[in-house]
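# Remarks on the overall topology
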Amino acid sequence: MAMADMRPPIESGCPDGFQYMHPAMRRNFGLWKYHTDPRPGVLRHVAESSEEIFTVKCGTQRILDIFSLRELTSIGDEFADGYIRFTIRSNIEYYVTDESKVEPLINALESKGYVVGGTKNSVAAISHTQGWLHCDIPGTDASGVVKSMMDELIGEFKAWNMPNRVHITTSCCQINCGGQGDIAINIQHTKPPKIDHAQVSNVCERPSVVARCPVAAIRPAMVDGKASLEVDEKKCICCGACFPPCPPMMINDAEHSKLAVWIGGNHSNARGKPTFQKLVASAIPNNPPRWPEAAGIVKLILKCYKEDARDWERVGEWVERIGWPRFFELTGLPFTKYHIDNWRGARASLNASTHIRF
Ligand code: SF4
Ligand code: SF4
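First, a word on scope: everything that follows refers to the structure included in this document. None of the values given here were measured: they were computed from a predicted structure.

### Some remarks on the state of the cysteines
Inspection of every chain in the model, using the stated rule, returns 1 disulfide. Paired by a disulfide, Cys204 and Cys246 hold their sulfur atoms 2.1 Å apart. On the S-S bond that ties Cys204 to Cys246, the torsion sits near 70°, and the link is right-handed. Here Cys204, found in the loop between α7 (197-203) and α8 (206-212), pairs with Cys246, found in the loop between β11 (226-231) and β12 (249-250); they are 42 residues apart in sequence, far enough to count as distant.

### A few points about empty space enclosed by the protein
One pass over the structure, following the stated rule, counts 3 cavities of 30 Å³ or more. Here the largest cavity is characterised by a volume of approximately 100 Å³. When its residues are assigned to classes, the lining of the largest cavity shows 14 nonpolar, 1 polar and no charged. Size it by volume and the second largest cavity reaches roughly 40 Å³. The wall of the second largest cavity is formed by Thr140, Ala142, Val145, Thr170, Ser171, Cys172, Ile185, Asn186, Ile187 and Leu259. Among the secondary structure elements, those contributing two or more residues to the lining of the second largest cavity are α5 (142-152), β7 (168-171) and β8 (183-189). With 3 residues, the single largest contributor to the lining of the second largest cavity is β8. For the lining of the second largest cavity, a count of residues per class yields 6 nonpolar, 4 polar and no charged.

### Concerning the environment of Asp182
Residue placement: Asp182 occurs in the loop between β7 and β8. Note: C-alpha distance between Asp182 and Pro245 (63 residues apart in sequence) is 31 Å. Ignoring sequence-local partners within four residues, the contact set of Asp182 consists of Arg165, Val166, His167, Trp262, Ile263, Gly264, Gly265, Arg314 and Val315. A polar atom in the side chain of Asp182 sits 2.9 Å from the side chain of Arg314.

### Things to note about the pattern of salt bridges
Applying the stated rule across the entire model yields 16 salt bridges. A salt bridge links Arg314 to Asp182; the shortest N-O distance between them is 2.9 Å. A residue pair is termed long-range when its members are at least 10 positions apart, and Arg314 in the loop between α9 (292-308) and α10 (315-322) and Asp182 in the loop between β7 and β8 qualify at 132 residues. Connected through shared salt-bridge partners, Lys57, Arg85 and Glu93 make up one network.

### Here's the deal with the site of ligand 2
Contacts to ligand 2 come from 14 residues, most closely from Cys213, Cys236, Cys239, Gly240 and Cys242. When each cavity is represented as a set of grid points, ligand 2 is found to reside in the largest cavity.

Conventions adopted
Residue positions are counted from 1 within each chain, in the order its sequence is given. Written order determines the labels here, with chains lettered from A and ligands numbered from 1. Thresholds applied to this predicted model are a pLDDT of at least 70 for local features of residues and 80 or more for the giving and counting of side-chain atom pairs; totals over whole chains, interfaces and linings are not thresholded and use all residues. Side-chain numbers here rest on the full set of heavy atoms in the structure, without hydrogens or water. When the sulfur atoms of two cysteines come within 2.5 Å, that pair is taken as a disulfide. Secondary structure elements are defined from DSSP: runs of H or I of at least 4 residues count as helices, runs of E of at least 2 residues count as strands, and each element is numbered from the N terminus. With a 1 Å grid laid over protein atoms only, a set of points is called a cavity when a 1.4 Å probe fits there but cannot get out and a pocket when it is open yet has protein on both sides within 12 Å along at least five of seven lines; lining residues have an atom within 4 Å of a point. Grid points are joined across faces, edges and corners, and a volume is the space filled by probe spheres set on the points. Residues are grouped as follows: nonpolar covers Ala, Val, Leu, Ile, Met, Phe, Trp, Tyr, Cys and Pro; charged covers Asp, Glu, Lys and Arg; every other residue, Gly included, is treated as polar. Contacts are assigned to residue pairs that have any heavy atoms within 4.5 Å of one another. In the analysis that follows, any N or O atom pair within 3.5 Å is treated as a polar contact, provided that within protein one partner can donate a hydrogen and the other can accept it, and provided that, for residues neighboring in sequence, both atoms belong to side chains. Whenever a carboxyl oxygen of Asp or Glu lies within 4 Å of a side-chain nitrogen of Lys or Arg, that contact is scored as a salt bridge. Any residue with a non-hydrogen atom lying within 4 Å of a molecule or strand is treated as near it. A molecule is said to be in a cavity or pocket once over half of its atoms fall within 2 Å of that pocket's grid points.

As structure tokens, this is what we get:
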């Protein structure tokens, strides 16, 4: 086929964001001079041209129903300048160039039950995964955990009480998204998968399942005359990586899939190196609908951080300064053998820095 006859590729993906930006932001793109924080949830940006724009940040539940979305956008049309943006932490941001519009906009949002906050040294909205709706590996309903926890932390979202900003993340499986946060609530499987041998040969591509295991714990096996798999349970680290390519290797379990809390993670390299989070509480009951045990531990860590950290120290920096033994003393959380990472394979196979290796 001649090149001229070939169908051009259809490019899909994110549309150009400039068309949706507030005109004042387009005019001053790359020309912002400084910003101030007039009150919790509000940022004031000043451009080289002296033009100003006010951003009002409002928390949402991330998985928005169409009625809430219509309500939020109508508020934007009536009380702001008709431009919005959603942040990575599921906040909706409104923009106004006239300062006198800020107060009525906040009043309109609060009168409908929405909360304004999440800026500067507050607890920002929790960034969360939600595999329960779309993914093939979740072990828990992350949105439920987030909702229960933010209900308890709403005062901290709306105020500037913390030594520095606190980013909380959740992850509904043990291996994929989630990311590094000041505090992270992650699913933790504690038992190896149970194999439904009758289904393996119908559903799973066995070599790719064997290749998927990070500790080489899976082997091909014949069970009742059918091709299946077996797991060396002494080697298995209960990560759940075999479950997505092979759903008959069921690892989710109402009792044995727990939650764990990790702290001190940092993606950015703005003031120091990016850091991995460290486990501080494991085997917490995965206890819907309000997850009181996990919420209690997060609140306890926040209380100690608030009382003990110096101004502008992030959670990880605070713990590095006082030392991990002191952190466990202050919080009263038990330190057990499960907190020690003794899996040596990580040294060779996991990235521990932002440097690219070949
Ligand atoms: S954390 Fe895991 S289960 Fe949840 S959405 Fe991400 S990949 Fe899917
Ligand atoms: S849970 Fe993880 S370690 Fe265990 S068998 Fe599956 S892939 Fe391997």
